[in-house]
Amino acid sequence: MTARQEVAKREPTEVQAKAREHELVLAPAVDVFENAHGITVQAEMPGVSKDRLNIQADRNSLLIEGDVMIDMPAGIEALYADVQATKYRRSFVLSGELETDQIEANLKDGVLTVRIPKRAEFRPRKIEVRTA
Amino acid sequence: MFGSLWGSFDTSLFDEFRRLEGELDQLFGRGSLPAGIRATRRGTFPPINVGGTPERVDVYLFAAGLDPKSLDISIQQNLLAVSGDRKVPVDEAADYYRQERFDGEFRRVITLPDDVDPDRVDAKYRDGVLQITVQRREAARPRQITVN
């Protein structure tokens, strides 16, 4: 008698698609900084135009992704490649003091700048010390 | 079970591969596989892709946020050199949590195939990608030979 173990089977195509997705996604280099007004994220996404950019934000997370599109002649063959993916993706966890519905984004020459303002009550106030 | 926990790290699998690759490089020693004499360390700015067709060779430099006027592109026979200076403005009043973007001067030299014509070079900059197109010499292109 053979014992049959029931293992949830995954469709191979689903697994492959997942693997491919991981392999082909680049994490763009970012600078993240905070000043009195809010947090700014600057991401390097060369080859991404405005219409191939996707930015999603909700209360706790920020996702930036973009597809690389470069002008290539027909029949081109790779001779050398540092960049081996055509998609950028990176996500961040946000915190509650950020005003996620007031996010501003700007893309110029492949540099994406995302500004997330802080709620007014969280902006630092200068506290004056009174001298008697 | 810990899927969501692991998923919250921002190191993608790709970074993980890169780390592994670095470790393998160390393990086997960089000398074991011959590298191009002008090859640079992985991760050097800017990343470059080179592609070719029988008519031309295209070089793509993934260099976002450049002033194209600051670029110095030169070609000598089949050696293409690109240098420039990329300044990332710093907000003095801000606290930086991450500073991954490259800042400063860079230079990369690319060895192109031998049959390129250094007199017919074209360069354009769009969406942060510098594309340099070099035509190949006519004589070097493959020709169809018919048998009589």
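Residues numbered from 1 in each chain as written. Chains lettered and ligands numbered in written order. Predicted model: local features only at pLDDT ≥ 70, side-chain atom pairs only at ≥ 80, totals over all residues. Heavy atoms only, no water.

What about the overall build of chain B?
The helix and strand inventory of chain B stands at two helices and eight strands. Going from N to C terminus, chain B has its helices and strands arranged as α-α-β-β-β-β-β-β-β-β. In chain B, buried positions account for 31% of the 148 residues. Pairs at least 24 apart in sequence give 52% of the contacts found in chain B among residues at least 6 apart. (Helix = DSSP H or I, 4+ residues; strand = E, 2+ residues; numbered from the N terminus. Buried < 20%, exposed > 50% of the residue type's maximum accessible area, 1.4 Å probe, protein only. Contact = heavy atoms within 4.5 Å.)

Observations regarding the side chain of Thr40 of chain A
All names here are of chain A. Assignment of secondary structure puts Thr40 in strand β3 (residues 38-44). For Thr40, a relative accessible area of 7% puts it in the buried group. Aside from chain neighbours lying at most four places away, what touches Thr40 is Asp31, Val32, Phe33, Thr113, Val114 and Arg115.

What about the interface of chain A and chain B?
One frequent convention defines the size of an interface as the accessible area lost when the parts assemble. Listed by partner, the interface residues are 43 residues for chain A and 45 residues for chain B. Of the roughly 3,500 Å² buried between chain A and chain B, counting both surfaces, carbon and sulfur atoms make up 55%. Of the charged contacts, one joins Arg108 of chain B and Asp82 of chain A as a salt bridge, the two residues approaching to 3.1 Å between their closest N and O atoms. Run the count over chain A and chain B and you get 24 residue pairs in polar contact (both at pLDDT 80 or more). Of all the elements in the fold, those that place two or more residues in the side of chain A that touches chain B are α1 (12-23), β1 (25-26), β2 (30-34), β3, β6 (77-81) and β7 (87-93) of chain A. The class makeup of the residues in the side of chain A that touches chain B is 26 nonpolar, eight polar and nine charged. Relative to strand β1 (residues 48-52) of chain B, β6 of chain A runs antiparallel, the two being bridged by four bridges. Across the sheet, residue Ala81 of chain A finds its bridge partner in β1 of chain B, namely Asn49 of chain B. (Buried area = accessible area lost by both parts, 1.4 Å probe. Salt bridge = Lys/Arg side-chain N within 4 Å of Asp/Glu carboxyl O. Polar contact = N/O pair within 3.5 Å; in protein donor to acceptor, adjacent residues only side chain to side chain. Nonpolar A, V, L, I, M, F, W, Y, C, P; charged D, E, K, R; others polar. Pairing = 2+ DSSP bridges.)

Describing the sheet that holds strand β8 (residues 129-136) of chain B
Taken in spatial order, the five strands make up an open sheet running β6(A)-β1(B)-β2(B)-β8(B)-β7(B), and their pairing is antiparallel. Edge strands, defined here as strands with exactly one partner in the open sheet, are β6 of chain A together with β7 (116-126) of chain B. Geometrically, the sheet is characterised by an average inter-axis angle of 20° between neighbouring strands, direction not taken into account. (Axes fitted to C-alpha atoms, helices over the stretch in contact; angles between N-to-C directions.)

Thoughts on the nonpolar core
A general feature of soluble globular proteins is that nonpolar side chains tend to end up buried together. Counting 26 residues, the largest nonpolar core has Leu112 of chain A together with Phe62 of chain B as its most contacted members. Within the residue set of this core, elements represented by two or more residues are β2, β3, β5 (61-67), β7 and β9 (111-117) of chain A together with β2 (56-62) of chain B. Leave out the neighbours within four places in its chain, and Phe62 of chain B touches Pro46, Val68, Ile70, Val83 and Tyr88 of chain A together with Phe45, Pro46, Pro47, Asn49, Gly128 and Val129 of chain B. Among the nonpolar cores identified, the runner-up in size contains 19 residues, and Val59, Leu61, Ala63 and Leu80 of chain B belong to it. (Core = buried A, V, L, I, M, F, W, Y, C linked by side-chain atoms within 4.5 Å.)

Describing the environment of Thr111 of chain B
All names here are of chain B. The residue Thr111 is located in strand β6 (residues 104-111) in this model. Here Thr111 falls in the partly exposed class, since its relative accessible area comes to 46%. Each C-alpha atom of the pair Thr111 and Ile75 lies 9.9 Å from the other, and the pair is 36 residues apart in sequence. Beyond its immediate sequence surroundings of up to four residues, Thr111 is in contact with Arg38, Asn78 and Leu79.

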